[in-house]
Amino acid sequence: MKLFQPDFLLHGADYNYEQWLDYPEILEEDFRLMRQAQCNVMSIGIFGWAMLEPEEGDFQFDWLDQLMDRLDENGLKAILATPSGAKPVWLAHTYPEIRLVDRNGQRQPQWMRHNHCPTSPIYREKVALINSLLAQRYQHHPALLMWHVSNEYGAHGCHCDLCYAAFRQWLQERYGTLDALNHAWWTTFWSHRYSDWTQIEAVDPSIHALMLDWMRFVNDQVLDFYRAECVPLRELTPETPITTNFMRPNTDLDYWQFAPYVDVVAWDSYPAWHSETDDVAVGVMTGFYQDLHRSYKQRPFLLMESTPSVTNWQGISRPKRPNVHLLSSLQAVAHGSNSVQYFQWRQSRGGQEKFHGAVVSHAGHGRTRVFQDVTDVGQHLAQLADLIPSCNTAEVALIYDLQNEWALELAQLPRSKDKLYQERCIAHYRPFWQMGITVDVIDSVAADFSPYKLLIVPMLYMLREGVAAKMEAFVRQGGTLVVTYLSALVNDSDLAFVGDNPLQSLLGLGVEETDVLFDHNTQAMRPLPDNELGLDGRYPVHHYADIIHLDTARPLAEYENDFYAGQPALAVNEYGDGRAIYLAARPDQRFLTDFYQALSGRLALSRALPTPLPEGVTAQVRRHELSQYLFLMNFQATPQTIDLGQANYQDMLSDQGLTGSLTIPGYGLRILRPQ
Ligand code: GAL
């Protein structure tokens, strides 16, 4: 594996050259415009299979040869895709087995994309062949920078016979015997015991562990497909880095398992600016996802796709207001991206995405506002090359566990409405974003907790093997842990814990019942007088309120209402050299802000700036040996003034020296280097 560190910050787009072969003057113009927009890479060939192999075995590489050469002549590099994301029509008709089968046993027609059977030996064979031919042909081409394997793999779950046979094999390896499986899945419930492996089908939502294992299997099968795609690439181009584009995590893939197999993490980000959610909240959410993608490998990543203007699939997608394109592009860089790339270079003329935004619109020239905005980003990136080896480092980690998300989604609880796992993780993240404190977003199983001072664990419903012991070690060695309601209810197989809870001694308490609230119910917590965090007043809570008894923990706040009024709602337990805090109910944002401000002060967490930032402004730091780069970003539409404290700074773009305070326009940003 060759970890990827570029020589320049990447700026480019998905380029569907093959759609325009009949328009030579447009292709000519493209390269002129690419230079003008200061682009230096293009992602190519992503959906080009039908033009590379118009009929079985008839390979036509001329257009791609030409494209590779033209990129090189124009000083651009190629992020060359393998074309498996969209199968050609002839392939789907000649070999129906490559088309997905849905949960009702119905084979899909040939339509759309990203919908092949991940098990089909024929599809794997055809993909291996075309990948080998691409690698053989371009292995020494000077334009080849990186492989873009497939496109946005997803866990679509194919229910064909081939997939079911592979699933049963996967289960046999995991459980050994049917007795073990029947126990792990608790199949005696509703008389669902299996007496033969062939009876297992992934269609029964009442057996949660079955559905969870099916999701794990589908994930493993897609990962296996990806790894098979990489074999010829690794063999023929061992020096060329490989990536695949991840998506904001709603794909049902466990990217923590993919991350070790990519040379650099790349992802596609499509925040909905100017929507019903206010832009500050969109900025926070996007910051969370950027941090997640950095955390997968604890290294700089790539923003492989974003829209230069609007999407055409979000229901309503408004043009970016002035400054927003630069802000949203450099936000990725602030959180560790070494690229800003777009979907798409040129708007296609036909098909589903013809009204999706692009660098070059149907008008076909560079005199548009969008083109100017893109050029501006290109100019900024060209000036920021010093950043490349730097990365963000964190003292705080927040567990956002994808398999936990699957299990929690499947669970039927006394209140199943508004479980909101992702949203709540982001709610816990937000105070740190606002304070300018870096957060790593990590997995419960894959991550090492030891580098952190503070570990936040919202709603870790499924406590997988080994995680309790890692948490105990973390706290024993002096770490501070925050665990919330709806945590540690089930094990890896979604079996409820019986007897003492695995976190009982660490938290020093036990949960006896959980009250769930309708939206019209009123409950609140009141901090106890003189509590060590200095919290005061009344904080409303919603949806979930655990009723707990304390063993060794001390109460910090108590419930206000109902039959459990006066009982603890927030408690702390000293454990080894550290402390574990349990937040028993779901608070609103105000509590989280006050709580994490108090904790950050106690733990002396380092902040990007010593002074408080205005609401909606964040500060993120990339570090490298002795240099630091401070990104100040204003997600409010109005100007905001930032107190820089005592230090002296230099503006990286204008070289201007700065002290005292600084006013940033609405949606503006500045990049400073401390002197
Ligand atoms: C991405 C996809 C691109 C394009 C884009 C539109 O998810 O990878 O091919 O469809 O969405 O926003």
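Residues numbered from 1 in each chain as written. Predicted model: local features only at pLDDT ≥ 70, side-chain atom pairs only at ≥ 80, totals over all residues. Heavy atoms only, no water.

## Details of the pairing of strand β16 (residues 539-550)
Then step 1. Bridge count for strand β14 (residues 509-516) against β16 is 7 bridges, and the pairing is antiparallel. Bridge pairing in β16 places Leu509 opposite Leu550.
Then step 2. Of the strand pairs in this sheet, strand β15 (residues 523-527) and β16 are connected by 3 bridges, and their pairing is antiparallel. Bridging across to β16, Ala524 finds its partner in Pro540. (Pairing = 2+ DSSP bridges. Helix = DSSP H or I, 4+ residues; strand = E, 2+ residues; numbered from the N terminus.)

## Describing helix α12 (residues 369-383)
Note that an α-helix has 3.6 residues per turn; residues three or four places apart therefore point the same way.
Then step 1. A rise of 1.5 Å per residue sets the reference length of α12, with its 15 residues, at 21 Å; its end C-alpha atoms lie 21 Å apart and thus fit the reference within 8%.
Then step 2. All of the buried residues along α12 are Val370, Phe371, Val374, Thr375, Val377, Gly378, His380 and Leu381.
Then step 3. The inward-facing, buried residues of α12 contact β1 (10-15), α1 (24-36), α11 (324-334) and β9 (339-342). (Expected span 1.5 Å × (residues − 1). Buried < 20%, exposed > 50% of the residue type's maximum accessible area, 1.4 Å probe, protein only. Contact = heavy atoms within 4.5 Å.)

## With respect to the domain arrangement of the chain
Then step 1. Split into domains, the chain comes out as domain 1 (10-158 + 213-387), domain 2 (396-603) and domain 3 (617-674).
Then step 2. The distance between the C-alpha centroids of domain 2 and domain 3 comes to 34 Å.
Then step 3. Between domain 2 and domain 3, the residue contacts involve 4 residues of the former and 5 residues of the latter.
Then step 4. Around 430 Å² of area is buried between domain 2 and domain 3 when both sides are counted, 42% of it from carbon and sulfur atoms. (Domains from an automatic or database assignment. Buried area = accessible area lost by both parts, 1.4 Å probe.)

## A look at the sheet that holds β1
Pairing between the strands of a sheet is mediated by backbone hydrogen bonds and can be parallel or antiparallel.
Then step 1. Sheet architecture is open: 6 strands sit in the order β5-β4-β3-β2-β1-β9, paired in parallel fashion. If you trace the sheet from one side to the other, it starts and ends with β5 (242-243) and β9, each paired once.
Then step 2. Examined bridge by bridge, strand β2 (residues 41-44) and strand β3 (residues 77-81) share 4 bridges and lie parallel to one another. Paired with Ser43 across the bridge in β3 is Ile79.

## Considering the packing of aromatic side chains
Then step 1. In this structure the tally under the stated criterion is 40 aromatic pairs.
Then step 2. Through a chain of ring-to-ring contacts, three or more aromatic side chains come together here, namely Trp49, Tyr123, Tyr153, Phe225, Tyr226, Phe246, Tyr255, Trp256, Phe258 and Tyr296.
Then step 3. Here Arg346 stacks its cationic end above the ring of Trp20, 5.6 Å away from the centre of that ring.
Then step 4. One cation-aromatic arrangement involves Lys470 over Phe449; the distance from NZ or CZ to the ring centre is 4.3 Å. (Phe/Tyr/Trp six-rings, centres within 6.5 Å; stacked < 30°, edge-to-face > 60°. Lys NZ or Arg CZ within 6 Å of the ring centre and 35° of its normal.)

## Some words on the sheet that holds strand β8 (residues 302-305)
Then step 1. Overall, parallel pairing links the 3 strands, which are arranged β6-β7-β8 in an open sheet. Where the open sheet ends on each side, the last strands, each with one partner, are β6 (245-247) and β8. Across the sheet, the mean angle separating the axes of adjacent strands is 45° when strand polarity is ignored.
Then step 2. Of the strand pairs in this sheet, β6 and strand β7 (residues 266-268) are connected by 3 bridges, and their pairing is parallel. Bridge pairing links Phe246 to Trp267 in β7. (Axes fitted to C-alpha atoms, helices over the stretch in contact; angles between N-to-C directions.)

## What to know about the pattern of salt bridges
Then step 1. By the definition in use, this model includes 29 salt bridges.
Then step 2. Between Glu353 and Arg113 there is a salt bridge, with the nearest N and O atoms lying 4.0 Å from each other. Here the residue Glu353 occupies a position in the loop between β9 and α12, and Arg113 occupies one in the loop between α4 (89-94) and α5 (121-138), the gap between them amounting to 240 residues.
Then step 3. On the basis of relative accessible area, Glu353 is assigned to the partly exposed category, the value being 21%.
Then step 4. Arg113 sits in the partly exposed class, given a relative accessible area of 32%.
Then step 5. A salt bridge links Asp443 to Arg464, with the nearest nitrogen and oxygen atoms 3.3 Å apart. Taken together, the positions of Asp443 in the loop between β11 (439-442) and β12 (454-457) and Arg464 in the loop between β12 and α15 (467-476) put the pair 21 residues apart, joining distant regions of the chain. (Salt bridge = Lys/Arg side-chain N within 4 Å of Asp/Glu carboxyl O.)

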